[in-house]
Amino acid sequence: MRNKVAPILNLVENSDKLKPLTNRRPVAALPFGCRYRLIDFPFSSLTGIEVPSAALFISGSGHSLYDHIRSGSTWGLESRVGGGVFTHSHINLKAELEGTELYTGNYYDDHYHFVSRSNAEYVLLMGSNMLSNVQLDSLMRFHLKKESDVTVVYKKIKRGEVRKDSIHTSLSMSESDSERIVGFNSIADLTDTENALLLNMEIMILDKETFLKLLYKARKQQKDVTVKNLIQFSLDDDKTIFGYEYTGYLKVIEDISSYFQANMDMLNEDNFNALFYRANPVLTKPKNSAPTYYGEQSEINNAQFANDCEVYGKVQNAVIFRKVSIAEGAQVENSIIMQDSCIEEDVYLNHVILDKHVYVKKGARLEGTIENPIVVAKDSIIYAEGDIEKGE
Amino acid sequence: MKTETVAMILAGGQGSRLGKLTKQIAKPAVPFGGNYRIIDFALSNCANSGINDVGVVTQYQPLILNNHVGNGANWGLNRHDGEATILQPYSSMEGEKFFKGTAHAVFQNIDFIDNKDPEYVVILSGDHIYKMDYQKMLDYHKEQEATLTVGVMPVPWEDASRFGVMNTDKTDRIVEFQEKPENPKSNLASMGIYIFNWSRLKKYLVDSQAKDRQLTDFGHHVIPAYLRNNEAIYAYSFEGYWKDVGTIESLWNANMEFLDPEHELNIRDRKWRVYSNNPNTTPQFLTESANVSNSMITDGCYIAGEIEHSILSHSVKVGKNSYIKNSFIMPNAVIGENVKIEKAIIGEGAHIHDGVEIIGTSDTIEVVGYDEEVGGYSDEK
């Protein structure tokens, strides 16, 4: 399989509803599950088809993301005999520049060069906001077996699993062949009566030649190179598009609530095993660490921790990242505590998301709800009196 | 820039006093403290001391050890101006190069050291738990204009007869060496850490090889030979935590001490980190039925039982209603349900089936070996 696929990760993803967590980082760099970032999941999927290189397109500087990816060697994306991570920062997509003069830089050229210079025969497009663990080797086999021009990954979900005004799309299948995609709709346009839908997971595989043709169309019409647009171009050209059904764990990370829920989902063993143990091993940037210490008085009930924590308090239904300290008498419930945060004595946190490096002073109390967890921005300090000194 | 110092970590020892724990792996590769192998301490000391050229001399059961050390990248030792190199015995025109002793192991690797052409060679053992700045010892070696400096540690007088003991004069110059003496004249124990001027040591080793091949061990042969020739040998006194974990008892003890959050080793010190080959695994999952106190747990663990005053290395599974106390569980061990483990060391990848009890006594520590299976259905009749 090696060297057959050229993956393009479109990480220019809408992050407005994830603020303040996305104030300074793209969706792909969002911390998840004690020790990961969302980008780890597509990258780990890629290890299943042994790709030697990948191209990334991102809107900001990508600092937090590149710091995590480094050379890409964790996922086998670094080799002295070709390959590597090709990064393209400061990409502005048309959708975000409405009304202003369109600047695309070398957007189309960058896609063209990455694909045309690659020895690969196929192109794979994916993003990072569909938290999942897709077996791409199986997708590839399906694509070949169906002799499909284009194959798109989807999952059957309930209407309520995504936002009502979701920016994502639902696929419609042919009446004669339930695997053949004949159209799509914006989820926001669906009527409430439709209970189930086939979510377009925005993962697409197609051969190099077809991709280059579709890319040419995108450039000509000045449209973004997204799975949605490429499906439309393929339909316009009467290409055969097959849908590959994914049945593993999926969460669309589109707002704070879905982000919170995805983390909490991992505390359920079925979800945890489905995401981490049923498909590709999930790899992340290796970090040096000491084991986590649980003190004499600590009381833990259904919680996950990364290494390097020191826990003396009570933790229930919570996801705790690296280097977090929780003092005696503190109580953390239904919360996500990111790296380097410090929770002093007698603090009470319930339905709270602490971004990195938040300091919660002795006796402080924060209580959100499951629909509206309280999000505390990076580097903030929370005082017992309820004052919050904002970080970023 | 010329290489000033090369460190040689002698990691070939079998560690036979660790019994079944070293049946499949060399002692320096034995897991320690949840996230480490014993050799990590010496390797991290080299990295933190700015010694970037490190030879790791292996011999006995080297596969896991070699795999663990790799090219030294995890310790930052894969630099353009330095590297970690695994040195294994090999055969050559002069015959097989298996190592007959610590000094002989260095003799066999003269080519490796000469290739780096260093001024000094630091000889280290791969089986001690400690944090030490070798650079400070090297500065001392230069100040004293020594040809050999020996790292020593004051030990309680009653224990001194278990060590190689250095008698020094008022200037800390070593005047006598006693190997495990009945009546020690000093309580300065050798830590097995030596700094030699390379050209001088090489001459001794080469001359001995040509003559009578007597210099095979540093403690038994090289130091006495240096003393006979009135070389400038100085003692460098180390104060701090240092533990030889060569026995089941000391390995268990060192791990139990390691649990103390106030431990002198200060494993969470960001300025002097102990690096290791960290596995890429899932977070620690403590379920509703888990109960954990005064314990260290590592990534990849799944805990549904009760853990008290114990260290669980990475990727250990503990089933419901199981109880683990005062024990050290090595990586990838699987412990079923209703298991009781007390005062024990459970080897890497061991499988303890449901309902088994493994309980040490006041004077013995129970040990389950590498990949060993205890309990469960047996196919044998």
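As named in an unreviewed UniProt entry, chain B is Glucose-1-phosphate adenylyltransferase, taken from Alkalibacterium gilvum. For chain B, the Pathway (unreviewed entry) comment in UniProt is given as "Glycan biosynthesis; glycogen biosynthesis."

By the naming in an unreviewed UniProt entry, chain A goes by Glucose-1-phosphate adenylyltransferase and is assigned to Alkalibacterium gilvum. Regarding chain A, the relevant UniProt record gives this comment under Sequence similarities (unreviewed entry): "Belongs to the bacterial/plant glucose-1-phosphate adenylyltransferase family."

Focus: the packing of aromatic side chains
For the structure shown, the criterion picks out 28 aromatic pairs over all chains. Residues Phe86 of chain A and Phe114 of chain A carry aromatic rings whose centres are separated by 5.6 Å and whose planes lie at 55° to one another, so their mutual orientation is tilted. Of the two residues, Phe86 of chain A sits in strand β5 (residues 84-88) while Phe114 of chain A sits in helix α3 (residues 107-117), which places them 28 residues apart along the sequence. On the basis of relative accessible area, Phe86 of chain A is assigned to the partly exposed category, the value being 39%. Relative to Phe41 of chain B, the ring of Phe32 of chain B has its centre 5.7 Å away and its plane inclined at 85°; by these criteria the two rings are edge-to-face.

Quick look at the sheet that holds strand β18 (residues 291-293) of chain B
Residues and elements named next belong to chain B. If you walk across this open sheet you meet the five strands as β18-β21-β24-β27-β30, and the pairing is parallel. Taken across any chain shown, the strands that pair with only one partner, and hence form the sheet edges, are β18 and β30 (357-359). If you compare each strand with its neighbour and ignore which way they point, the axes differ by 5° on average. Here strand β21 (residues 306-308) pairs with strand β24 (residues 323-325) via three bridges, running parallel. By the bridge assignment, Glu308 is partnered in β24 with Lys325.

How each quantity is defined
- Residues numbered from 1 in each chain as written.
- Chains lettered and ligands numbered in written order.
- Predicted model: local features only at pLDDT ≥ 70, side-chain atom pairs only at ≥ 80, totals over all residues.
- Heavy atoms only, no water.
- UniProt positions renumbered as here; feature names shortened; annotations may be inferred.
- Phe/Tyr/Trp six-rings, centres within 6.5 Å; stacked < 30°, edge-to-face > 60°.
- Helix = DSSP H or I, 4+ residues; strand = E, 2+ residues; numbered from the N terminus.
- Buried < 20%, exposed > 50% of the residue type's maximum accessible area, 1.4 Å probe, protein only.
- Pairing = 2+ DSSP bridges.
- Axes fitted to C-alpha atoms, helices over the stretch in contact; angles between N-to-C directions.

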